[in-house]
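Structural overview
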Amino acid sequence: MLVRPTVHLAQPLMRLVILILISTAAATGSAARAATEPTVAMPELEKKLAELAGPAAETPSEPDCGSEVARAYSARKFTSAWLTGTHPSSRAAVLRSVLEASGDEGLSPSRYRTADMARWWARTDNTSRARLEIALTEGLCRYIRDITLGRSELRSVEQATTGTNAAGVSALRALLQKALDTSSLETFLRQLPPQDAEYQQLRTALRSLRQRAREGGWKDVVAGPILKPGASDPRIPAIRQRLSVSGDFSGPLSSAIAYDAELTKAVRRFQRRHALPQEGVIGAATVSALNIPVEQRARQIIVNLERRRWNPSRSAGRQIVVNIPGFELVALNDTKTVLDMPVVVGKAYQQTPVFDEKMEYLEFNPDWLVPPALAAAEFLPELQQDPSRLARKHIRIFKGLGKDAPEVDPKSVDWKTITPTTMVRYAFRQDPGPWNALGRLKFMFPNPHNVYLHDTSEPQFFNERQRTFSHGCIRLSRPEELAAWVLEGLDPPWDRSRIRATVAGGHPLTVPLAKPIPIQLAYHTVFFKDDPLLHFLPDIYGRDAALERVLLGEETGSEHAQKPKAATTTAAPANRQASGTAATSALARTPPQKTPPAVPGGPRPKPPASVNTRMMMR
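Not measured: the values here are computed from a predicted model.

1. Some thoughts on the sheet that holds strand E7 (residues 368-369)
With antiparallel pairing, 4 strands are arranged side by side in an open sheet as E7-E10-E8-E9. With partners counted over all chains shown, the strands left at the sheet margins are E7 and strand E9 (407-408), one partner each. Sheet strands touched by helix H16 (residues 372-385): E7, strand E8 (395-398) and strand E10 (427-430). Its angle to E10, the strand with the most contacts, is close to 85°.

2. What to know about the confidence of the model for the protein chain
Any region with low pLDDT has predicted coordinates that should not be read closely. Per-residue pLDDT for the protein chain has a mean of 82; in total, 78% of the residues score no lower than 70. In the model, residues 53-61 has pLDDT below 50 throughout and makes 8 contacts with residues more than four positions away in sequence or in other chains.

3. As for the pattern of salt bridges
One pass over the structure, following the stated rule, counts 28 salt bridges. The salt bridge involving Arg272 is made with Asp531; its shortest N-O contact spans 3.8 Å. You can see Arg272 sitting in helix H13 (residues 261-273) and its partner Asp531 sitting in the loop between strand E16 (526-528) and strand E17 (534-536), a full 259 residues away along the chain. Through salt bridges that share partners, Arg113, Asp116, Arg119, Glu138 and Arg142 make up one connected network.

4. Concerning the pairing of strand E11 (residues 441-444)
Side-chain alternation along E11 places Leu441 and Phe443 on one buried face and Lys442 and Met444 on a second face that is also buried. Pairing of strand E6 (residues 355-364) with E11 involves 4 bridges; the strand directions are antiparallel. Residue pairing for E11: Tyr361 is matched across the bridge by Met444. The sheet contact formed by E11 and strand E12 (residues 453-454) spans 2 bridges and is antiparallel. The partner of Phe443 across the bridge, within E12, is Leu453.

5. A few points about the packing of aromatic side chains
For the coordinates displayed, the defined rule picks out 9 aromatic pairs. Ring centres of Phe364 and Trp494 lie 5.2 Å apart, and the angle between their planes is 20°; this geometry places the pair in the stacked category. Remark: Trp494 occurs in the loop between helix H17 (479-486) and helix H18 (496-505) and Phe364 occurs in strand E6; sequence separation between them is 130 residues. The ring of Trp121 carries the charged tip of Arg96 above its face, separated from the ring centre by 4.7 Å. Between the NZ or CZ atom of Arg318 and the centre of the ring of Trp485, over which it lies, the distance is 4.1 Å.

Procedures and definitions
- Residues numbered from 1 in each chain as written.
- Predicted model: local features only at pLDDT ≥ 70, side-chain atom pairs only at ≥ 80, totals over all residues.
- Heavy atoms only, no water.
- Pairing = 2+ DSSP bridges.
- Helix = DSSP H or I, 4+ residues; strand = E, 2+ residues; numbered from the N terminus.
- Contact = heavy atoms within 4.5 Å.
- Axes fitted to C-alpha atoms, helices over the stretch in contact; angles between N-to-C directions.
- pLDDT = per-residue confidence, 0-100.
- Salt bridge = Lys/Arg side-chain N within 4 Å of Asp/Glu carboxyl O.
- Buried < 20%, exposed > 50% of the residue type's maximum accessible area, 1.4 Å probe, protein only.
- Phe/Tyr/Trp six-rings, centres within 6.5 Å; stacked < 30°, edge-to-face > 60°.
- Lys NZ or Arg CZ within 6 Å of the ring centre and 35° of its normal.

The structure is reproduced here in structure tokens:
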């Protein structure tokens, strides 16, 4: 089954709410704990906390643990949460153990002040006790924040987050308080990470790969001529050994140099797991994948664990998931895949963004209002060469975006005098039909990126292995099948014959769904599918590399370490718009807007003035 992410803060916050509710029951035992582990008043604590907190920002980029720790101790009148007499309590030992083992989650223990805990653990003077108390609680706060919400400064490397930070601050504050009060701290901490099967499988795989690295990893396969099944080559024993280590080959090891059927099966399995042609031919690409060090694969898992903390998987209901680097869409009922298909995603310089929304309606026979940046980049050079060229593509030109804007004869304009800046006075619209870039079906989930799912007039791209050909939208290989699935539950029903008849009629029609369907555009390069072994995908947009530089390049526990810069759009070639999504126009930067549903067979819904849902990437 395909991995299933999302990008809003909504899902992490919902998980925080659930954790708070679960921990409330545990917190009821806090009185009993207090009887056995009495609180300790600490005169030095208030002074040290004042040094720690500093001024609080009105709109912090993420919950600030210094301020939250100071707030928590003020509420508890500066009594200890972790000391029994002059010594750390059993609860303190549990917390320290969990934070020191946070590397199992792909986190860095140094972020959680573990070195400070070790330094002050055995000291009994008042200043050291206060420092240990703060280190434990601030480490706990940072851990709760990182393991439940993920790190906002890392999300900004890859995507623009949506949603209010106030909700995250409130949820973290409540969860921190529960942690300080609970009598079942170990259970509480165990419930914090995402509990879905995919996260847990990745966590187990990380532990396994690290163990493999400690044992020496795997040896490189020497480069050489292409090997086809049935050939003989002195490298075969090394290839057999390498595939045995990774679990692809389960037969007996030997020094035989024949590339036999059993090894061919193992090579094909390896190729399938690494998005390579499953031909059993061992060429340069397969050897290169075999030789990726185990340490690099472990880092790739760490990056993908971080993404999953931003966006834990859904486990119930109907949903659609697009995994961008896998060029695949799946539709799910609960966790069961009911439909999957190849898709085309955005080019490297017009990347498909990562976000989640809700699909609300479907459009038959849509027209396409071309984004101004795309029109300037692609149509202006064509018009300057031949003003009639766009007409052959059924693209008409209008003077402005208004519904009463007059149509312009392209031959009446001296296009050689028009620049990308002055071209915005014209609107370009492609009429519905088989020639339309959006095809005959468009699946709408209003979003600020103007990115949607749609049919295509260029089906030949589905024959390619790396399908990065769109301007940001998701092109579907089997849109009628998806339409039949999303329109389930309507009366009268929309079966395949009715869908085809409506498409053949050629008339625009908007049909609202019986119930909005969550859709997630994801970027996961490591996942489990229908195989007990990991699958690895190419990092088509370089996003793994960007996150890895930040995640694994930092080994500091400082809360105020330098923040990474947000990702910038890859520079575009000449005459190309730098971004095929967020930079298409000012309209693409507005907040998500909801579009009122239409009555089946009636007029199409009127979109909000601030978002033109016909103006979209393709």
